[in-house]
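This is what each chain is made of:
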Amino acid sequence: MEEREGEVRWDGLCSRDAAARAAALDTIGQAVLRRAESVASGAVADGLPVPVARDGLGEALARLLMLSKRCPFPDVREKSEAILGGVQELGIRIPRPLGHGPSRFIPEKEVPAPLLWDCFFLSCLYHSEESEKVQSALDEHFCCLSPDCLTIQVGKEDAAMHTLFAESFATLGRLDNVTLVMVFHPQYLESFLKTQHYLLQMDGPLPLHYRHYIGIMAAARHQCSYLVNLHVNDFLHVGGDPKWLNGLENAPQKLQNLGELNKMLAHRPWLITKEHIEQLLKTEENSWSLAELIHAVVLLTHYHSLASFTFGCGISPEIDCEGGHTFRPPSVSNYCICDITNGYHGVDEIHASPAGSIPSTESVCEVEALMEKMKQLQECRDEEEASQEEMATRFEREKRESMFVCSSEDEESAATRDVSRHFEDTSYGYKDFSRHGMHVPTFRVQDYSWEDHGYSLVNRLYPDVGQLLDEKFHIAYNLTYNTMAMHKDVDTSMLRRAIWNYIHCMFGIRYDDYDYGEINQLLDRSFKVYIKTVVCTPEKTTKRMYDSFWRQFEHSEKVQLVCVLRDSPTSCLPDSHSLSFSCCSWGSAHSQVTGKCRVPGLK
């Protein structure tokens, strides 16, 4: 990436070649220090006691801080830290991170990624001619860890994960917090990154800057400033017009026309009709082709659901973005200065939560009770099967009850900056589809499915994306390690299916072969509140909601749940839902299918 004055280029750091990275780091170091010397001399001339980073220096220092903490290449981390040290020696205050790791909900010490990078690095040193460096690396990075801990961490899976990090950094130029949390589940992460890379960077109907702007529009609908910040930078990097960022009204009319579909997909997809699609496909100057619209809809739904993951896991701002760093000096009244140096700022107190604490009798009993219910339900399945009429009645009952699942208190979610300029009709939001006198018929998923309708449609008009989406959906649904909290070798399929089907039930989708009476047995109210909030109004998700269910489960198990929440509605939505409406306007009656719920008026 090129800075405003063309002095600092970051592209070379993405190279997989160490020599190329070293050359890029030398160039960056010279440019930053040259800028810093200019700022320092200007401060002396102006009589300022402490030089203030200006003229783009602050942004460059924040980028270096991010690289020193979040780059999978040790050479980049070390050199970035050295450049920051050189700037500090000139009397210029350098930034420090805010927050406590990639997630507000998960203690930093329980996120595997940072430890993994250095463990992989050290394991390489053990097998090189530079093994004498290992002890100094241990002293510097792992003063609180035993060699046994390192031995446990290093293995084939860790090496594969480091490769995944390196690939992600080389592709995106960063290792973002979503990746660092999603890495709890490497198989899903790999599929996610592959799909996202294809949507944003590979050949497709839409130009690159349109893709990032559509990502901004989609993330803004859920007030997800985290994703908006990332794609603002990417939008500018690929040559997007900065004027578009002043508000949707400054973007081309073609993108403005997408605003209506964006808001309905995000909040009330059951209201979309074929007329909405026909309006976008009309033959005129600002119309969309069918291939372009499919690409746009997949992007919109990708970022709507990624906003759910971001809020559901409490993803923190990126270090180099707004809210991720500060130039103010820290207060040391409550913790040791060595904690500041190592990036731990009272994290244990802030992140204390049931998932990371000593097991309580009550929470352990909850796990045991859940496992006992699963056992009893399986026995009931084997003994007696409910009639189709009874199963239909249970579905309708669960669907009605889901309409009244909501948080019992007006909790305050994490503050985010205002991103409303990127979309229209700011008062428009989620409303339960069967309230206010609106009746939406039950939709039988067996009649219209991703496998039978969406997959072929997407692959025909946007080649290879159907395959990538299909792979990701199947990974999300089938992902299991056969564990429940402290218990191993557990068949979790019953619980996973209850969660998946409950999400679809909220939108009126019924599986004929499923007994919806199982849902109330397996999902308690606090769990349902969290699910509905993350899926329908993710911006309202709070840490209290996250902590209130599955209190003795591992954080990795909760992240796995959010992956399922992210892909469960999406597995029907972007492909056999909205895309099918496009086909309706082209007379493709066989593809008139829905996703989150059936759309009134489509026959």
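Rules behind the numbers
- Residues numbered from 1 in each chain as written.
- Predicted model: local features only at pLDDT ≥ 70, side-chain atom pairs only at ≥ 80, totals over all residues.
- Heavy atoms only, no water.
- Phe/Tyr/Trp six-rings, centres within 6.5 Å; stacked < 30°, edge-to-face > 60°.
- Buried < 20%, exposed > 50% of the residue type's maximum accessible area, 1.4 Å probe, protein only.
- Lys NZ or Arg CZ within 6 Å of the ring centre and 35° of its normal.
- Helix = DSSP H or I, 4+ residues; strand = E, 2+ residues; numbered from the N terminus.
- Contact = heavy atoms within 4.5 Å.
- Core = buried A, V, L, I, M, F, W, Y, C linked by side-chain atoms within 4.5 Å.
- Arc of directions from axis to C-beta.
- pLDDT = per-residue confidence, 0-100.
- Expected span 1.5 Å × (residues − 1).
- Axes fitted to C-alpha atoms, helices over the stretch in contact; angles between N-to-C directions.
- Parallel < 35°, antiparallel > 145°, perpendicular 65-115°, else oblique.
- Nonpolar A, V, L, I, M, F, W, Y, C, P; charged D, E, K, R; others polar.

## Describing the packing of aromatic side chains
Here the distance between the centres and the angle between the planes together describe a pair of aromatic rings. The final tally for this structure, using the stated rule, is 15 aromatic pairs. Between the aromatic rings of Phe235 and Trp244, the centroid separation amounts to 5.5 Å while the plane-to-plane angle is 35°, which identifies the pairing as tilted. Each member of the pair, Phe235 as well as Trp244, is classed as buried. Linked through ring pairs, Phe105, Phe527, Tyr530, Tyr546, Phe549, Trp550 and Phe553 together constitute an aromatic cluster. Geometry around Trp288 places Lys254 over its ring, the cationic atom sitting 5.0 Å from the centre. Here Lys558 stacks its cationic end above the ring of Tyr546, 4.5 Å away from the centre of that ring.

## Overview of the environment of Ser420
Positionally, Ser420 belongs in the loop between α19 (388-402) and β3 (443-444). Spatially, the C-alpha atom of Ser420 lies 9.5 Å from that of His222, the residues being 198 residues apart in sequence.

## Observations regarding the side chain of His325
Within the secondary structure, His325 is located in strand β2 (residues 325-326). The buried category is assigned to His325, whose relative accessible area is 19%. Not counting the four nearest positions on each side in its chain, His325 is found in contact with Ala62, Leu65, Pro95, Arg96, Pro97, Leu98, Ile319 and Asp320.

## Some details on the nonpolar core
Judged by nonpolar contacts, the single largest core of 125 residues is most densely connected at Tyr213, Leu258, Phe309, Ile499 and Ile531. Top element by residues in this core is helix α15 (residues 290-312). It accounts for 13 residues. Those residues within four positions of Ile531 in sequence are excluded, and the remaining contacts are Ile499, Tyr502, Ile503, Met506, Leu523 and Leu565. With 28 residues, the next largest nonpolar core counts Val32, Ala36, Ile92 and Ile319 among its residues.

## A word on helix α14 (residues 274-281)
Within α14, the full set of buried residues consists of Ile277, Leu280 and Leu281. Along α14, the residues classed as buried sweep out an arc of 95° about the axis, all on the same side.

## As for the confidence of the model for the chain
Atomic detail in the predicted coordinates should be set aside for any region of low pLDDT. Confidence in the prediction of the chain, expressed as mean pLDDT, is 77, and 71% of residues score 70 or more. The least confident element of the chain, judged by mean pLDDT, is helix α6 (residues 147-153) at 35; the most confident is helix α10 (residues 208-221) at 96. Low pLDDT, under 50, characterises residues 1-6; the predicted model gives this stretch 17 contacts beyond four residues in sequence or across chains. Throughout residues 334-358 the model reports pLDDT below 50, and contacts reaching past four residues in sequence, or to other chains, amount to 40 contacts.

## Details of helix α22 (residues 493-506)
In a regular helix each residue adds 1.5 Å, so 14 residues correspond to 20 Å; α22 covers 20 Å between its end C-alpha atoms and thus fits that length. Judged by how many residues are buried, α22 sits mostly within the fold: 12 of 14 residues are covered. Three or more residues of α22 are buried, namely Met494, Leu495, Arg496, Ala498, Ile499, Trp500, Asn501, Tyr502, Ile503, His504, Cys505 and Met506.

## Looking at the packing of helix α11 (residues 225-237) against α15
Remark: α11 packs on α15, axes separated minimally by 9 Å, with the N-to-C direction vectors making an angle of 125°. Classified by the interaxial angle, the pair formed by α11 and α15 is oblique. Between α11 and α15, the contacting residues are Tyr226, Leu227 and His231 on the first element and Tyr303, Leu306, Ala307 and Thr310 on the second. A class-by-class count of the residues in the contact of α11 with α15 yields 5 nonpolar, 2 polar and no charged.

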